[in-house]
Amino acid sequence: MTQDLIRTISCADDYDPDSMPVDKARRFIRDFLEPVQTRESLALRAALGCVLAQDILSPCNVPNHNNSAMDGYALNADDLAASGATTLRVIGTALAGKEFPGEVGKGECVRIMTGAVMPQSCDTVVIQERVQLKDERITFDEGVKRGQNLRYAGEDLKLGQTVFSAGHLVRPADLGLIASLGIAEVKVYRKLRVAFFSTGDELASIGEPLASGQVYDSNRYTLYGMLTRLGVEVIDMGVVRDDPALLEQALNDAAACADVILTSGGVSVGEADYMKQLLNKLGQVVFWKIAMKPGRPLAYGKIGNAHYFGLPGNPVSVMVTFYQFVRDAMLVLMGQPDPAPIQQFQVICSGNIKKAPGRTEFQRGILSTDKNGQLKVEPMGNQGSGVLRSMSEANCFIVLPEACGNIAAGEMVSVQLLSEFV
Ligand code: AMP
Ligand code: MG
């Protein structure tokens, strides 16, 4: 299969091995993803973050009766005075969960609370703040309209309606909506298993003392966080030294137990040739120089049945490449046929940005509103790909397309919010 990938890439006439545009790399990856097939039934709560493997049809109307949207009095609009005040006699009460059992005749009304079933022959609710109550009679001024403050049966969901199609990612509102149908169990695709490890002789793990020239391994922690937010099963394989035998062992172990393997480091120029040999021995992997900053080196392919993403080592690059490539691929593998792209919108840039045309840049920025309520984005000062603090403090990426050059303060730029996964 990845043989096809390599062939497709080398046959593409506008393919430049030195610089792969971001969108093109994304499309190539997309063409080689096969979603998980195994389904399982889960209790509703456990399905949060999973992808539905069944359509969900509404087995009932929600709500299943016309009911009141407010506390007030239920009446028939035929009884409203043609002009001036209306007076009606209160003959009983309807509470949520306790219907008014009788008939409501001409000139009569029923005290009604929010969520209570509308008494038969009533079609309107006048809110209690509008009425004066005296001697079991209410009086209110003109202006009440037929159908006011009424929630209709099936207004939220109609009997038989498709509420969700297979492939839908279950979010908190969806849990509630499915619960509102009385459905206790749903069929979902099984969780993806994602194994990941960091590579580098210079890496120390937290808890160990830091020797001179070493850095603590932070990539496994950002990856853990992003993967956990995505709702996949994570298999943390630790740090692996830059040693071919150890790397081979780790890649084989990962391929044996995971659907996806993520590594960080070791795919940049200099290291690439060495990883290339190893990865070509174990599977079929392509190495790209992506026309982007940060996150230039990226490897993608298959090792056994597992999809492999070789992310760059720099901590910011790891997060950017995860967000721009891995997230989308993972959603497809989880069973979403067509994941919604990350939302992008235009705002005013409040600072100058230096940029050379020829690559897409994902600068870190802080989005805020000025005193007039106008959204603006301020680029972070230090955009170095090793400065993880910039990711921690930022709340958005400023996406600067390949062709664009310098940006002057006051120009519009595109941003993507980081709140979802990063
Ligand atoms: P590499 O892509 O392996 O050449 O690494 C590029 C840079 O990222 C180097 O400065 C590495 O020390 C750093 N780096 C690589 N892996 C990690 C990691 N897991 N945590 C923190 N920094 C890393
Ligand atoms: Mg390295």
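Computed from a prediction, not measured in an experiment: that's the story for all the values here. Throughout this description, residue numbers start from 1 for each chain and increase along the sequence as written. Think of it this way: whatever chain is written first is A, whatever ligand is written first is 1, and the rest follow in order. The model is predicted, so local features are restricted to residues of pLDDT at least 70 and side-chain atom pairs to those at 80 or more, both for listing and for counting; the totals for chains, interfaces and linings are taken over all residues. Hydrogen atoms and water are omitted, and side-chain values are computed over all heavy atoms in the structure.

### Things to note about the domain arrangement of the protein
Put simply, an interface is often sized by how much accessible area is lost when its parts join up.
Move 1: Throughout the structure description, domain borders are defined by an automatic or database domain assignment. Examined at the domain level, the protein breaks down into domain 1 (2-37 + 191-334), domain 2 (40-61 + 160-189), domain 3 (67-151) and domain 4 (345-421).
Move 2: Spacing between the C-alpha centres of domain 1 and domain 4 amounts to 26 Å.
Move 3: Between domain 1 and domain 4, the residue contacts involve 20 residues of the former and 21 residues of the latter.
Move 4: When the area that domain 1 buries against domain 4 is broken down by residue, the three leading residues are Lys-293, Val-316 and Tyr-323, summing to 35%.
Move 5: Note on definitions: salt bridges are taken to be side-chain nitrogens of Lys or Arg within 4 Å of carboxyl oxygens of Asp or Glu. In this assembly, domain 1 and domain 4 are joined by zero salt bridges.
Move 6: Secondary structure elements are taken from DSSP: a helix is a run of H or I of four residues or more, a strand is a run of E of two residues or more, and numbering for both begins at the N terminus. Listed by contribution, the elements that provide at least two residues to the side of domain 1 that touches domain 4 are helix 4 (219-230), strand 19 (292-293) and helix 7 (315-333). Any pair of residues with heavy atoms lying within 4.5 Å of one another is described as a contacting pair. Once two parts are joined, some of their accessible surface, as seen by a 1.4 Å probe, is lost; buried area is that loss totalled over both.

### Focus on the pattern of salt bridges
Move 1: Overall, the coordinates contain 15 salt bridges when judged by the stated rule.
Move 2: The closest approach of N and O atoms between Asp-338 and Arg-30, which form a salt bridge, is 3.7 Å. With Asp-338 in the loop between helix 7 and strand 22 (345-349) and Arg-30 in helix 2 (residues 22-31), this pair connects stretches of sequence that are 308 residues apart.
Move 3: Classification of Asp-338 as exposed rests on a relative accessible area of 62%.
Move 4: Per-residue accessibility, obtained with a 1.4 Å probe over protein chains only, is compared with the maximum for each type, and a residue is labelled buried under 20%, exposed over 50%, and partly exposed between these values. The exposure class assigned to Arg-30 is partly exposed, which follows from its relative accessible area of 27%.
Move 5: We note a salt bridge from Asp-79 to Lys-106, for which the minimum N-O separation is 3.5 Å.

### With respect to a nonpolar patch on the surface
Move 1: Patch definition: residues above 30% relative accessible area lacking any salt bridge, with like charges linked at up to 9 Å and the nonpolar side chains Val, Leu, Ile, Met, Phe, Trp and Tyr linked at up to 5 Å. Using a 1.4 Å probe, the Shrake-Rupley method yields the accessible areas, and only the shown protein chains count as cover for residues. A surface patch of nonpolar side chains, about 380 Å² in accessible area, is lined by Ile-206, Leu-210, Tyr-216 and Tyr-221.
Move 2: Looking at the secondary structure, you find Ile-206 in the loop between strand 14 (203-204) and strand 15 (215-216).
Move 3: Its relative accessible area of 52% is what places Ile-206 among the exposed residues.

### Some remarks on empty space enclosed by the protein
Move 1: Grid points spaced at 1 Å over the protein atoms alone were grouped into cavities, where a 1.4 Å probe fits but cannot get out, and pockets, open sets with protein on both sides within 12 Å along at least five of seven lines, with lining residues defined by an atom within 4 Å of a point. Grid points are joined across faces, edges and corners, and a volume is the space filled by probe spheres set on the points. All told, the structure shown has two cavities of 30 Å³ or more when counted by the stated rule.
Move 2: Of the pockets and cavities examined, the largest cavity occupies roughly 50 Å³.
Move 3: Lining the largest cavity, in full, are Gly-49, Cys-50, Val-51, Tyr-189, Arg-190, Lys-191, Leu-192, Gly-231 and Met-334.
Move 4: Here the residues of the lining of the largest cavity are counted per class, giving five nonpolar, two polar and two charged.
Move 5: By volume, the second largest cavity amounts to about 40 Å³.
Move 6: What lines the second largest cavity is Arg-26, Ile-29, Arg-30, Leu-33, Phe-325, Asp-328 and Ala-329.
Move 7: Broken down by secondary-structure element, the contributors of at least two residues to the lining of the second largest cavity are helix 2 and helix 7.
Move 8: Residue classes follow a fixed rule: Ala, Val, Leu, Ile, Met, Phe, Trp, Tyr, Cys and Pro count as nonpolar, while Asp, Glu, Lys and Arg count as charged, and any other residue, Gly among them, counts as polar. When grouped by side-chain class, the residues that make up the lining of the second largest cavity number four nonpolar, no polar and three charged.

### Some details on the side chain of Glu-108
Move 1: Along the polypeptide, Glu-108 turns up in strand 6 (residues 108-112).
Move 2: Glu-108 sits in the buried class, given a relative accessible area of 16%.
Move 3: Side-chain polar atoms of Glu-108 contact the backbone nitrogen of Gly-105, separated by 2.6 Å.
Move 4: When neighbours within four sequence positions are excluded, Glu-108 is seen to be in contact with Asp-79, Leu-88, Arg-89, Ile-91 and Glu-103. Two N or O atoms form a polar contact when they lie within 3.5 Å of each other; inside protein one atom must be a possible hydrogen donor and the other a possible acceptor, and for residues adjacent in sequence the pair counts only when both atoms belong to side chains.

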